[in-house]
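So the chains spell out like this:
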Amino acid sequence: MLPASRYSGKAHRCIRALRTVQTEYAAPQLYTTLHRRACSSVATPQITTHYTIHSRDKDPRWEGVEMERFADEADVVIVGGGPAGLSAAIRLKQLANEHEKELRVCLVEKASQIGAHTLSGACLEPSALNELFPDWKERGAPMNTPVTEDVFSILTEKHRIPVPILPGLPMGNHGNYIVRLGNFVRWLGEQAEELGVEIYPGYAAAEVLFHDDGSVKGIATNDVGIGKDGSPKDVFERGMELHAKVTLFGEGCHGHLAKQLYKQFNLRENCEPQTYAIGLKEVWTIDEKKWRPGRVEHSVGWPLNRNTYGGSFLYHLNEGEPLVALGFVVGLDYSNPYLSPFREFQRWKHHPFVAPTLEGGSRIAYGARALNEGGLQSIPKLTFPGGLLIGCSPGFMNVPKIKGTHTAMKSGMLAAEAIFPKVTAESTESETTGLHVPEYSDNLKNSWVWKELHAVRNIRPSFHNYFGLYGGMVYTGVFYWIFRGKEPWTLKHCGLDAHQLKPAKDCTPIEYPKPDGKLSFDLLSSVALSGTNHEGDQPPHLTLRDDSVPVNRNLAIYDGPEQRFCPAGVYEYVPLETGDGMRLQINAQNCVHCKTCDIKDPSQNINWVVPEGGGGPAYNGM
C-alpha cells in the first residue's frame, strides 16, 4: 500500500476504502446452468452501466458526490508491473545510484500482487537479463531449467512429422531457460524494491491525465465503491492521481490506456494494424517416469487447418516436482466464427504424440492472454510529450521465436536510459510540460531488438497465402534460413483481426468432442483454476458502446462469436423472459483480462476497461 506517512487525511480514507473494497466480498460464483435459468426469468437489464459509456455528469444519483482526487508527484510513473515496467524501474534506480541522484520512481500494477496477472509459456532468452543483472544467478533468479532438448513437429490428426531445427532458425532454444514467468516477475519486483522503487500492486491505472498544453501529466487510478448499476455506494472513493515528468506505459498486450494514447497522439498513423493471437496455458503434474526436465516441444498443424495460424508448446520444468507447462496459440485473424480457441486446445491434448505425457497426470492451473504478433510492421510511434510506450504494449514480440520477454525487458531498459538524463537535469529545454524523449525511439532502432525484429518481419505475414501454414514454412526456410531476413521487401498483414471473420452462413460449424475430464475439460472448471475473482457489485468492465449490437449484428450475422473466442465464459447468449429472442449476458466476474474480446469483436463494440484494482486472475507462477 502507499506509504501512509506521506498522505493527508483524505488520502488515508482513500487507502482504507481500497483495502475494504478489495477484501470484504466473497468470491463470486461462476456462471452455471442454474444461473442461466434464473436470469432468463427476469426482465432484460441494461448491459452497460460503466461511467466511461454513461457519463456521471447527467446522472442525478451522482449529484453532490465529492469528486476531488488526491494527487501525488514522482519523477517517473510506470504503469504495469511486468517485465518491461520492472526492468525500466530497476534501470532507472541503477542509474540514479551510479550518478548519486535522487529519483522517485513509482510503479502501479492492477493485480493484487506482482506476477498475479503474468502468464507466458515461457521459454526465456536471457540476453536482456544478462545486461540488467549480470549476477542474476547469485541473486537467486528463479531460472532453474536450462533447455536440454528441442523438438519441433508438424501434427496430422493421428501422426507426427518431425522437423529438424537447423542452426540459425528462430525456433532454436539452445541457451534459453524454461521459467514460470509469474515467479520471475515477482523476483524482478523484489530487486526493484531493494533499489528503492515504490511498487503499488492493486492499483489499476484507469485514466491518462494531461497538462493544458496537451502533454501527458500522469495517470489516475480508478474509482472504487461503485455499484453494479453505476450508482455510488457508501464506500465510494475517487481514485488517486500520480503526476510525473515522464510516464512509461507498459500495460501489456492491447493496454487500456495505450488505446487512448493511440487516438490522442495518432501514434498508429504510419504503421500496419496490430495483429494478435490468443495463448491458452495449463500447468500439470505428471508421472515422474515421463518427466524430462529441460525438454521443449513445439508443434504446428492439427487440430487447426492450414489457413489458421497457430501452434502448441509443451515444456518440462525442473521445479522440484514433475511439472509440465503446455499451451496452445491461435492467431486471431482466423475467419470461421465457429472456431473456439479453448476447445481447439482441449482437442489438441488428445493427439497421440501429446496424450501419453499427460495420462495419469493432474491439471493444477489454467489461464489465457492475448499476444502481439504484428512485429516490426505494427510498432506504433513510441514517444509523445510526457510519455513512452514500452514492452508488449506497443508489441516487441519475436513471433517465430514465440518470445517477447527479452525484447520487452530491453525496451524498458532503453527507455530508462533515454529519460534518465532529462528527468534528473537541473533545467529542461522541453517545449512541453511533460517531457518528450524521442531519443528512446532512436536508441531502440539502433539496438539488437530492432535488428532481431527486422530479420523476422516477414515470417508471420508470409502465412497469408493459398497454402497457408505450408507456404509460410517454405518462405521461412528459404528467405530466413538462407538470407537471414535481408530480402528487400516487407510483407503486409491483412488488416484488423476483427474484420477477418466471415458471416456464419458462409462457414461450416465445428463439432468439438465433449471433454473427458481426464485430458480435456470444460470451460468453467478451467476458469476456476485461474483463481479469478472480481468484486461482484461493480459495473461490468467489459463495456459495450451500443447494447443492441451483440444481438442485432454479432448474433444475427456471426452466430455470437464472443461466446466462443472468450477463454473464460464471460459472454453468453440467453433467452429473453418473453421467450421470443435472445440477449447477451456478460459474466464479468469470470474475466481473466486477456483482452481477446476487445480485439476480435467483429463490430468493435466491446471496450475492455480496468475493473477495481486487485480484481482478475490470481496466477501462481504462470
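Naming follows an unreviewed UniProt entry, where the protein appears as Electron transfer flavoprotein-ubiquinone oxidoreductase of Labrus bergylta. The protein has a UniProt comment under Subunit (unreviewed entry) that states "Monomer." Listed in UniProt under the heading Catalytic activity (unreviewed entry), the comment for the protein reads: "a ubiquinone + reduced [electron-transfer flavoprotein] = a ubiquinol + oxidized [electron-transfer flavoprotein] + H(+)".

Mapped onto the present numbering, the UniProt feature "transmembrane region" (unreviewed entry) falls on residues 463–483. Between the end C-alpha atoms of residues 463–483 there is a gap of 18 Å, over a span that is 57% helix and 0% strand.

Spatially, three strands are ordered β3-β7-β4 in an open sheet, and the strand pairing comes out antiparallel. On the outer flanks of this sheet lie β3 (123–124) and β4 (145–146), each paired with one strand and no other. When β4 meets strand β7 (residues 177–178), the two strands line up antiparallel, connected through two bridges. When the bridges of β7 are listed, Pro 146 appears paired with Tyr 177.

Membership of the largest hydrophobic core comes to 79 residues, with the highest contact counts inside it found for Leu 248, Phe 249 and Tyr 440. Here this core gets ten residues from one element, more than from any other, and that element is helix α9 (residues 405–423). In contact with Leu 248, other than residues within four places in its own chain, are Val 76, Val 77, Ile 78, Val 79, Ala 88, Leu 388, Ile 390, Ala 415 and Ile 419. Ranked by size, the runner-up nonpolar core spans 71 residues in total, among them Phe 328, Leu 339, Leu 358 and Tyr 573.

What follows deals with the packing of aromatic side chains. Evaluation of the coordinates by the stated rule reveals 15 aromatic pairs. Taking 5.5 Å as the distance between ring centres and 85° as the angle between the ring planes, the aromatic pair formed by Trp 136 and Tyr 177 counts as edge-to-face. Of this pair, Trp 136 sits in the loop between α4 (127–132) and β4 while Tyr 177 sits in strand β7, placing them 41 residues apart in sequence. This pair shows no difference in class: Trp 136 is buried, exactly as Tyr 177 is. Three or more aromatic residues joined by ring pairs form one cluster here, namely Phe 210, Phe 249, Phe 265 and Phe 384. The side chain of Arg 363 reaches across the aromatic face of Phe 521, ending 4.0 Å from its centre. Its end group placed over the ring of Tyr 309, Arg 460 keeps NZ or CZ at 3.9 Å from the ring centre.

Attention now moves to the environment of Phe 152. Topologically, Phe 152 is positioned in strand β5 (residues 149–155). Under the relative-accessibility criterion, Phe 152 is labelled buried at 10%. Each C-alpha atom, one on Phe 152 and one on Glu 297, is 5.9 Å from the other, the two residues being 145 residues apart in sequence. Excluding residues that lie within four positions of it along the chain, Phe 152 makes contacts with Arg 160, Ile 161, Pro 162, Val 163, Ile 165, Met 171, His 298, Val 300 and Met 473.

This part takes up helix α5 (residues 181–195). In this model α5 runs 21 Å from its N-terminal to its C-terminal C-alpha over 15 residues, within 8% of the 21 Å that 1.5 Å per residue would give. Every buried residue of α5 is listed here: Leu 181, Gly 182, Phe 184, Val 185, Trp 187, Leu 188, Gly 189, Gln 191 and Ala 192. Check the buried side of α5 and you find it contacts α3 (83–98), β3, α4, β8 (198–201) and α9. Downstream of α5 by one or two residues, Gly 196 has phi in the positive range, about 105°.

The next thing to look at is the packing of α9 against helix α11 (residues 448–455). Contact geometry of α9 with α11 gives a least axis separation of 10 Å together with a crossing angle of 145°. In this structure, α9 crosses over α11, and the sense of that crossing is left-handed. Judged by residue contacts, His 406, Thr 407 and Lys 410 of α9 engage Trp 448, Val 449 and Glu 452 from α11. Its residues assigned to classes, the contact of α9 with α11 shows two nonpolar, two polar and two charged.

Before going further, it helps to examine the side chain of Gln 585. The topology assignment puts Gln 585 in strand β23 (residues 582–586). Among the polar contacts listed, one links the side chain of Gln 585 to the side chain of Arg 583, at a separation of 3.4 Å. A polar contact of 3.1 Å, which involves the side chain of Gln 585, links it to the side chain of Asn 587.

What follows concerns the pattern of salt bridges. The full count for this structure, using the stated rule, is 29 salt bridges. Put simply, Asp 223 and Arg 56 hold a salt bridge, and the shortest N to O gap is 2.9 Å. Residue Asp 223 is found in the loop between β10 (216–221) and β11 (224–226), and its partner Arg 56 is found in the loop between α2 (33–39) and β1 (71–79); the two are separated by 167 residues along the sequence. Each member of the pair, Asp 223 as well as Arg 56, is classed as buried. The salt bridge involving Lys 401 is made with Glu 125; its shortest N-O contact spans 2.8 Å.

Moving on to unusual backbone geometry. Going from Gly 121 to Ala 122, the amide bond is cis rather than trans, its omega being -5°. Assignment of secondary structure puts Ala 122 in the loop between β2 (105–109) and β3. Across the junction of Trp 302 and Pro 303, the peptide omega takes the value 10°, indicating a cis bond. By secondary structure assignment, the location of Pro 303 is in the loop between β15 (295–301) and β16 (310–318). At Lys 595, a residue that is not glycine, the phi angle is positive and equals roughly 75°.

Cut-offs applied
- Residues numbered from 1 in each chain as written.
- Predicted model: local features only at pLDDT ≥ 70, side-chain atom pairs only at ≥ 80, totals over all residues.
- Heavy atoms only, no water.
- UniProt positions renumbered as here; feature names shortened; annotations may be inferred.
- Helix = DSSP H or I, 4+ residues; strand = E, 2+ residues; numbered from the N terminus.
- Pairing = 2+ DSSP bridges.
- Core = buried A, V, L, I, M, F, W, Y, C linked by side-chain atoms within 4.5 Å.
- Buried < 20%, exposed > 50% of the residue type's maximum accessible area, 1.4 Å probe, protein only.
- Contact = heavy atoms within 4.5 Å.
- Phe/Tyr/Trp six-rings, centres within 6.5 Å; stacked < 30°, edge-to-face > 60°.
- Lys NZ or Arg CZ within 6 Å of the ring centre and 35° of its normal.
- Expected span 1.5 Å × (residues − 1).
- Axes fitted to C-alpha atoms, helices over the stretch in contact; angles between N-to-C directions.
- Left-handed = near helix turned anticlockwise from the far one by under 90°.
- Nonpolar A, V, L, I, M, F, W, Y, C, P; charged D, E, K, R; others polar.
- Polar contact = N/O pair within 3.5 Å; in protein donor to acceptor, adjacent residues only side chain to side chain.
- Salt bridge = Lys/Arg side-chain N within 4 Å of Asp/Glu carboxyl O.

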